[in-house]
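Read off the chains here:
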Amino acid sequence: MQKIVAHQKINCMAFLRWLDPFLPFCVFIGMKFGINYYEIFLLQSVCALAIIFFEMPAGIISDIFGRRVVLMLGSLLFVLAYAVFMVSPSFWSWVIAETIGGAAIACFTGADTAFLYEYTGKKNAENYQKKESDMQFYSRAAEGISVCVGFIALTINERLPIAIALIAKIVMTYAVANLPKEKVRLADGKLTYRQEMKKSIKKMIHDKNKHPERYRLLGKLLLYSSMQSVLSLNMFWMLQVVLDVKKIAPGIIALVWVAYHLLSSMASYYMHLGMRRSVKKLIVSLPVLSILLLLVISQAPSIFMIPSMICFSILWGIKAPLVNCLMNQNSVQSMRATLHSVDSVVTRLVYSVLGPVTGYLVQNTDNNLVFYWLILAITPGLVASLMLSCGAKGLKI
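Because the structure is predicted, anything quoted here is derived from the model rather than measured.

So, the overall build of the chain
Link 1 in the chain: Along the chain, the regular secondary structure elements total 16 helices and zero strands.
Link 2 in the chain: For the chain, the residues scored as buried account for 56% of the 397 residues in total.
Link 3 in the chain: Intrachain contacts of the chain at a sequence separation of at least 6 include 85% that bridge at least 24 residues.
Link 4 in the chain: Carbon and sulfur atoms provide 68% of the accessible area of the chain, an area that totals close to 16700 Å².

Encoded structure:
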């Protein structure tokens, strides 16, 4: 019974983390406040750079001092970020908010899923895979609900979606404070912060030398994950741009995002069934389908563009729990959150370079050229998936 309640608290945290009525309408609201497409993508690059800066320290602190510490810090930073969004809707104030939000995202990256894995129990892989799928389902479901709430809020006031997101993050802070105590105290209270850092790094180096084959596979998995994530990030923002360019009514925009997040949540919910059948096929299929969809979007008539872009939500719904499961089950506790942080750093580093280029192309050229540009970005992920699938037998699943 205690474990059931604990999992409900974890799912509640995940739900509130992604309950954000502002995000689906960010481009729409930004344009109202005089922020253009290029600046929108530039803001996302600012957020990406902030994540890169804070990611590794957050991951290492999580591995040393515990997951709840960084989750609480991340919750408080989210509250501060949305407060800045709320107070001053201008480009430079949004730069500050995105920087704070990037630090908050860095705190959550890996710490939430590592907390779930360690609390669920490392010996029961199928149970963990189901719980990971559940957490991703609640996250994607929250995104879908955010659209409906955001649409209704927009009809009342343009800042109301931001206010609701702020309230959600305040409640999330309370939920994080009530998470169950961690089973293992990860930090040695007799050591200083710097000594703990050195100890954690030495453990990682020792484990790498002891299990070189595992780390080679994890390296391929990191490349694979980051390329898929970069594409998903770009497609998320491109969908908002396409909806705005085509002057789609807010009500239709809401329906599009509901479909987007509903498909994503269902894909996450049932992903563990696919893992039981063939992880190798799942690994290979995601980048292959991504490139095929990009080709369809770049060539298809505009009536098929938006439905094709929505299909990317299914791939993201599969990718998130798939990669989380593989990373958590193939890494040791002392470096688990750090590994997720490395994944996020690589993703955001690539995105911080690609984002401004994508924004420039969106602002100054035809959208079809943008999709060809994104095909170049995902090609390394396809190569990594083929390399990873060849060594899939070495992965714990």
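Here the narrative resumes.
Some points on the packing of helix α3 (residues 37–65) against helix α4 (residues 67–87)
Link 1 in the chain: In the contact formed by α3 and α4, the axes pass within 6 Å of each other and the chain directions differ by 140°. With respect to each other, α3 and α4 are oriented oblique. On the side of α3, the interface is formed by Ala-58, Ile-61, Ser-62, Asp-63 and Phe-65, while α4 contributes Arg-67, Val-69 and Val-70.

A word on helix α12 (residues 279–299)
Link 1 in the chain: Helix length check: α12 (21 residues) gives 31 Å between terminal C-alpha atoms against 30 Å at 1.5 Å per residue, within 8%.
Link 2 in the chain: For α12, the principal kink sits at Ser-285 and spans about 30°; a proline, Pro-287, occurs within the next four residues.
Link 3 in the chain: For α12, the full list of buried residues reads Val-279, Leu-282, Ile-283, Leu-286, Pro-287, Ser-290, Ile-291, Leu-293, Leu-294, Ile-297 and Ser-298.

As for the nonpolar core
Link 1 in the chain: Judged by nonpolar contacts, the single largest core of 99 residues is most densely connected at Met-235, Met-309, Leu-322 and Phe-371.
Link 2 in the chain: A total of 15 residues in this core trace back to one element, the largest contributor, which is helix α10 (residues 212–245).

A short note on the confidence of the model for the chain
Link 1 in the chain: Mean pLDDT over the chain works out to 77, with 77% of the residues at or above the 70 mark.
Link 2 in the chain: Considering each helix and strand of the chain separately, the mean pLDDT is smallest for helix α9 (residues 193–210), with a value of 57, and largest for helix α8 (residues 160–177), with 93.

Topic: a nonpolar patch on the surface
Link 1 in the chain: Side chains of Val-288, Leu-289, Leu-292, Leu-295, Leu-369 and Tyr-372 sit close together on the surface and give an oily, nonpolar patch of about 490 Å² of accessible area.
Link 2 in the chain: Every element with two or more residues in the nonpolar patch is listed here: α12 and α16 (367–390).
Link 3 in the chain: Locating Val-288 in the fold gives a position in helix α12.
Link 4 in the chain: Among the residues examined, Val-288 registers a relative accessible area of 34% and is labelled partly exposed.

Re α3
Link 1 in the chain: Here α3 spans 40 Å end to end across 29 residues, near enough to the 42 Å set by a 1.5 Å rise per residue.
Link 2 in the chain: Roughly 40° is the biggest bend found in α3, and it falls at Phe-54, with proline Pro-57 one to four residues downstream.
Link 3 in the chain: You can read the cap of α3 off the contacts: a side-chain oxygen lies 3.2 Å from the backbone nitrogen of Tyr-38, and it is on Asn-36.
Link 4 in the chain: Following α3 by one or two positions, Gly-66 has its phi on the positive side, about 115°.

Remarks on the side chain of Ser-264
Link 1 in the chain: Among the secondary structure elements, Ser-264 is positioned in helix α11 (residues 250–277).
Link 2 in the chain: In this structure Ser-264 touches Arg-140, Ser-313, Trp-316 and Gly-317, once residues within four positions along its chain are discounted.

Considerations on the packing of aromatic side chains
Link 1 in the chain: As enumerated under the stated definition, the model contains 14 aromatic pairs in all.
Link 2 in the chain: When the centroid spacing of 5.9 Å and the interplanar angle of 50° are considered together, the rings of Tyr-82 and Phe-85 count as tilted. Note that Tyr-82 and Phe-85 are positioned in helix α4 at a spacing of three residues, about one turn of the helix.
Link 3 in the chain: Owing to a relative accessible area of 6%, Phe-85 belongs among the buried residues under this scheme.
Link 4 in the chain: Ring centres of Phe-85 and Trp-94 lie 5.4 Å apart, and the angle between their planes is 80°; this geometry places the pair in the edge-to-face category. Here the two residues Phe-85 and Trp-94 agree in accessibility, since each one is buried.
Link 5 in the chain: Here the aromatic residues Phe-22, Phe-33, Phe-78, Tyr-82, Phe-85, Trp-94 and Phe-108 are joined through ring pairs into a cluster of three or more.
Link 6 in the chain: Note that Arg-17 overlies the ring of Trp-18, its terminal NZ or CZ placed 4.1 Å from the centroid.
Link 7 in the chain: Between the NZ or CZ atom of Arg-17 and the centre of the ring of Phe-108, over which it lies, the distance is 5.6 Å.

Structural notes on the side chain of Gln-240
Link 1 in the chain: In this structure, Gln-240 sits in helix α10.
Link 2 in the chain: By relative accessible area, which is 4% here, Gln-240 ends up buried.
Link 3 in the chain: Only 2.8 Å separates the side chain of Gln-240 from the backbone oxygen of Leu-23, close enough to count as a polar contact.
Link 4 in the chain: Ignoring anything within four residues of it in the chain, the contact list for Gln-240 reads Leu-23, Pro-24, Phe-25, Cys-26, Val-27 and Trp-257.

Rules used throughout
- Residues numbered from 1 in each chain as written.
- Predicted model: local features only at pLDDT ≥ 70, side-chain atom pairs only at ≥ 80, totals over all residues.
- Heavy atoms only, no water.
- Helix = DSSP H or I, 4+ residues; strand = E, 2+ residues; numbered from the N terminus.
- Buried < 20%, exposed > 50% of the residue type's maximum accessible area, 1.4 Å probe, protein only.
- Contact = heavy atoms within 4.5 Å.
- Areas by Shrake-Rupley, 256 points an atom, 1.4 Å probe, with all protein chains shown as cover.
- Axes fitted to C-alpha atoms, helices over the stretch in contact; angles between N-to-C directions.
- Parallel < 35°, antiparallel > 145°, perpendicular 65-115°, else oblique.
- Expected span 1.5 Å × (residues − 1).
- Bend = angle between axes of the 7 residues up to and from the residue.
- Core = buried A, V, L, I, M, F, W, Y, C linked by side-chain atoms within 4.5 Å.
- pLDDT = per-residue confidence, 0-100.
- Patch = residues over 30% accessible without salt bridge, like charges linked within 9 Å, V, L, I, M, F, W, Y side chains within 5 Å.
- Salt bridge = Lys/Arg side-chain N within 4 Å of Asp/Glu carboxyl O.
- Polar contact = N/O pair within 3.5 Å; in protein donor to acceptor, adjacent residues only side chain to side chain.
- Phe/Tyr/Trp six-rings, centres within 6.5 Å; stacked < 30°, edge-to-face > 60°.
- Lys NZ or Arg CZ within 6 Å of the ring centre and 35° of its normal.

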